[in-house]
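A closer look at the structure
Below, each chain spelled out in residue letters.
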Amino acid sequence: MTDREGWSQTAYARNGDVELAYDRFGQGGGTPLLLVMGLAMSRFWWRDGLCRAFADEGFDVIRYDQRDSGESTRFSQTARRGPWATLLGNDTVAYTCEELVDDAAAVLDAVGWERAVVFGSSMGGAVAQRFALRHPRRTLAIVSNGAPPSDTSGLGLLRYIRFGLLAKLATTRFPEGRDGDIAASMAIIRGIASPANPVGEDEARALAERELGAGARDDDARNRQLGAKWNGPRLREVAAPTLALHGEDDPIMRTSASRDVAHAIPGARLTILPGVGHDLPPASWRTVAQQTRLLVAEPTPASGTSTA
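Position labels on residues start from 1 in each chain and follow its written sequence. Under the rules for a predicted model, residues below a pLDDT of 70 receive no local features and side-chain atom pairs below 80 are neither given nor counted, while totals for whole chains, interfaces and linings still include all residues. Derived side-chain values reflect all non-hydrogen atoms in the structure, with water molecules and hydrogen atoms excluded from consideration.

The next thing to look at is the pairing of strand S6 (residues 59–64). Among the 6 residues of S6, 6 are classified as buried, and the element is accordingly described as predominantly covered. Under the scheme applied here, a residue whose accessible area is under 20% of the maximum for its type counts as buried, over 50% as exposed, and between as partly exposed, the area being computed with a 1.4 Å probe on protein chains only. Only DSSP runs of H or I reaching four residues or more are called helices, and only runs of E reaching two or more are called strands; each is numbered from the N terminus. In S6, alternate side chains face the same way, and those of Phe59, Val61 and Arg63 on one face and Asp60, Ile62 and Tyr64 on the other are all buried. Strand direction decides the pairing type here: strand S4 (residues 18–25) and S6, joined by 4 bridges, are antiparallel. Of the residues in S6, the one forming a bridge with Tyr22 is Tyr64. Two strands pair under a simple rule: DSSP has to find at least two bridges between them. As paired strands, strand S5 (residues 31–36) and S6 are joined by 6 bridges and run parallel to one another. Opposite Leu34, over in S6, you have Ile62 as the bridge partner. Handedness of a crossover is defined as follows: with both strands directed away from the viewer, a clockwise route from the first strand across the helix to the second makes it right-handed. The handedness of the S5 to S6 crossover, carried by helix H1 (residues 48–56), is right-handed.

Time to look at helix H7 (residues 178–191). In a helix, the anticipated span is given by 1.5 Å times the number of residues less one. With 14 residues, H7 ought to run about 20 Å at 1.5 Å a step, and its terminal C-alpha atoms sit 20 Å apart, in line with that. Turning to H7, its buried residues number three or more, namely Gly180, Ile182, Ala184, Ser185, Met186, Ile188 and Ile189. Residues count as neighbours in contact if any of their non-hydrogen atoms are within 4.5 Å of one another. In the core, the buried residues of H7 are packed alongside helix H6 (163–171) and helix H8 (201–210).

This part covers the nonpolar core. One finds Leu33, Leu35, Trp46, Phe54, Val61, Phe119 and Val288 to be the most contacted residues of the largest nonpolar core, which totals 39 residues. Discounting residues that sit within four places of it in the chain, Phe119 has contacts with Leu33, Leu34, Leu35, Val36, Trp46, Phe54, Val143, Asn145, Leu245, Leu280, Val288 and Thr292. The next biggest cluster of nonpolar side chains, apart from the first, holds 37 residues, and it includes Leu20, Val118, Leu133 and Ala262. In these notes, a set of buried Ala, Val, Leu, Ile, Met, Phe, Trp, Tyr and Cys residues joined through side-chain atoms within 4.5 Å is what counts as a nonpolar core.

Here we take up the environment of Leu157. Turning to its location among the elements, Leu157 is positioned in helix H5 (residues 155–158). For the pair Leu157 and Met253, spaced 96 residues apart in sequence, the C-alpha separation works out to 9.9 Å.

To get an axis, a line is fitted to the C-alpha atoms, and for a helix only the part in contact is used. The angle between two axes follows their N-to-C directions and goes from 0 to 180 degrees. Interaxial distance between H7 and H8 falls to 8 Å at its minimum, and their mutual angle equals 120°. For the element pair H7 / H8, the angle class is oblique. The crossing of H7 and H8 is right-handed. Along the contact surface, H7 presents Arg178, Ile182, Ser185, Met186, Ile189 and Arg190, while H8 presents Glu201, Ala204, Arg205, Leu207, Ala208 and Glu209. Here the nonpolar group is Ala, Val, Leu, Ile, Met, Phe, Trp, Tyr, Cys and Pro; Asp, Glu, Lys and Arg are the charged ones; every other residue, Gly included, is treated as polar. Its residues placed into classes, the contact of H7 with H8 shows 6 nonpolar, 1 polar and 5 charged. Should an angle fall under 35 degrees it is taken as roughly parallel, and over 145 as roughly antiparallel, whereas 65 to 115 is taken as roughly perpendicular and any remaining angle as oblique. Helix crossings fall into two classes, left-handed where the near helix is turned counterclockwise from the far one by less than a right angle and right-handed where it is turned clockwise.

Let us look at the environment of Asp60. With respect to the helices, strands and loops of the structure, Asp60 is situated in strand S6. Asp60 sits 35 residues away from Phe25 along the chain, and the two C-alpha atoms are 7.2 Å apart. Beyond its immediate stretch of four places on either side in the chain, Asp60 contacts Arg24, Gly28, Gly29, Gly30, Thr31, Pro32, Leu33 and Trp113. Whenever a nitrogen or oxygen atom comes within 3.5 Å of another N or O atom, the pair is scored as a polar contact, on the condition that within protein one atom can donate a hydrogen and the other can accept it, and that pairs from neighbouring residues in sequence are kept only if both atoms are in side chains. Side-chain polar atoms of Asp60 contact the backbone nitrogen of Gly29, separated by 3.1 Å.

This part covers the packing of H1 against helix H11 (residues 285–293). A pair of packed helices can be characterised by two numbers: the angle between their axes and the separation between those axes. One way to put it is that H1 packs onto H11 with a least axis distance of 9 Å and a crossing angle of 40°. By the angle between their directions, the pair H1 and H11 is classed as oblique. Handedness of the H1/H11 crossing: right-handed. Every residue of H11 that contacts H1 at Gly49, Leu50, Ala53 and Phe54 is listed here: Trp285, Val288, Ala289 and Thr292. A per-class count over the contact of H1 with H11 returns 6 nonpolar, 2 polar and no charged.

Looking now at the pairing of strand S9 (residues 242–247). With respect to burial, S9 is a largely interior element, 6 of its 6 residues being buried. On S9, burial covers both faces: Thr242, Ala244 and His246 on one face and Leu243, Leu245 and Gly247 on the other are all buried. In this sheet, S9 lies alongside strand S8 (residues 139–145) in parallel orientation, the contact comprising 4 bridges. Bridged to Ser144 within S9 is Ala244. Of the pairings in the sheet, the one linking S9 to strand S10 (residues 269–273) comprises 5 bridges and is parallel in character.

By the criterion of burial, H11 is predominantly enclosed, with 7 of the 9 residues buried. Burial in H11 covers these residues: Trp285, Val288, Ala289, Gln290, Gln291, Thr292 and Arg293.

With that out of the way, let us pick up the confidence of the model for the chain. As a per-residue quantity, pLDDT reports the predictor's confidence and falls between 0 and 100. Summarising the model, the chain shows a mean pLDDT of 88, and 88% of its residues fall at 70 or more. Confidence drops under a pLDDT of 50 for residues 299–308, and excluding neighbours within four residues, the segment shows 18 contacts in the predicted structure.

This part covers the packing of aromatic side chains. Between rings of Phe, Tyr and Trp, where Trp is taken as its six-membered ring, a pair exists when centres lie within 6.5 Å; planes separated by under 30 degrees are stacked, by over 60 edge-to-face, and by other angles tilted. Under the definition given, this model contains 5 aromatic pairs. Measuring from centroid to centroid gives 5.7 Å for Trp46 and Phe119, while their planes differ by 85°, and the two rings are edge-to-face. One end of the pair, Trp46, is in the loop between S5 and H1; the other, Phe119, is in strand S7 (residues 116–121), with 73 residues separating them in the sequence. Taken individually, Trp46 and Phe119 each receive the classification buried, so the pair is uniform in this respect. Ring centres 4.9 Å apart and planes at 65° place the aromatic pair Phe75 and Tyr95 in the edge-to-face group. Within this pair, whereas Phe75 is found in the loop between S6 and helix H2 (83–88), its partner Tyr95 is found in the loop between H2 and helix H3 (97–111), the two being separated by 20 residues in sequence. A relative accessible area of 1% places Tyr95 in the buried class. Within the aromatic cluster, the residues linked to one another by ring pairs are Trp46, Phe54, Phe59 and Phe119. Either the NZ atom of lysine or the CZ atom of arginine qualifies as a charge over a ring when it sits within 6 Å of the ring centre and within 35 degrees of the ring normal. Across from the ring centre of Tyr95, 5.1 Å away, lies the NZ or CZ of Arg67, which sits over that ring. Sitting over the face of the ring of Phe59, Arg293 holds its NZ or CZ atom 4.3 Å from the ring centroid.

This is how it looks when you write it as structure tokens:
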């Protein structure tokens, strides 16, 4: 049974004591595709039109909330520190990157998938990279969008980051309560877009209201995710087919991040998306879906032979 523009009702996977909210687009069937959103952001940031484009290319689409985001399990507040101190520090962590990756595997278990294409955006791209390292037999392929190499940490990450928008968002004060939460989300939604493909006021508000209370202002959750440490293999050990995507106008992450991901993983392909920021706007949906399909098989008859 589906609702909410073709999405199933929310279900939950479990990884130990952690519950992970997920839903499915359409009726199922096709090539399994697991979508992983970025830092402290809920699954609702995956736009319906993009998921429909994936379905048109023959994918069975599942999206989920990582721990500490959306409707999944939230952890207790840790010591309050700024994001940069968390990123560079050696604090006691609430959980590890390995546990974040195993959450994705738990969703596959709940759905009954043996393997899947794992598509991650921003921090979710790092999760996708690490999934291929930690669960190689469960990985059909990976797509890393707007993410740095996941085996880089601390000071090494700083060379990939553009600080202008992040500094602006960090210093802007929004009111407490519902209106402030919506304004904060709208500032992020509009700020990460490219001037070539902006998000309008009405669309930004609709997206912000849809994910209201699902993580945009949860600084503690963001810092806990940032503080998670990875002790696994290096990217050169990824054996799965890999696509590194990056928006040419990304205001948060330099394109060198995805270039280095593609360089590190044997046989990986790199696609720089013109007129795209740190999001995936409608103008990119067909290209992104088709490029993802090419990782695992020829396009299905439903997708035809049309070009972007």
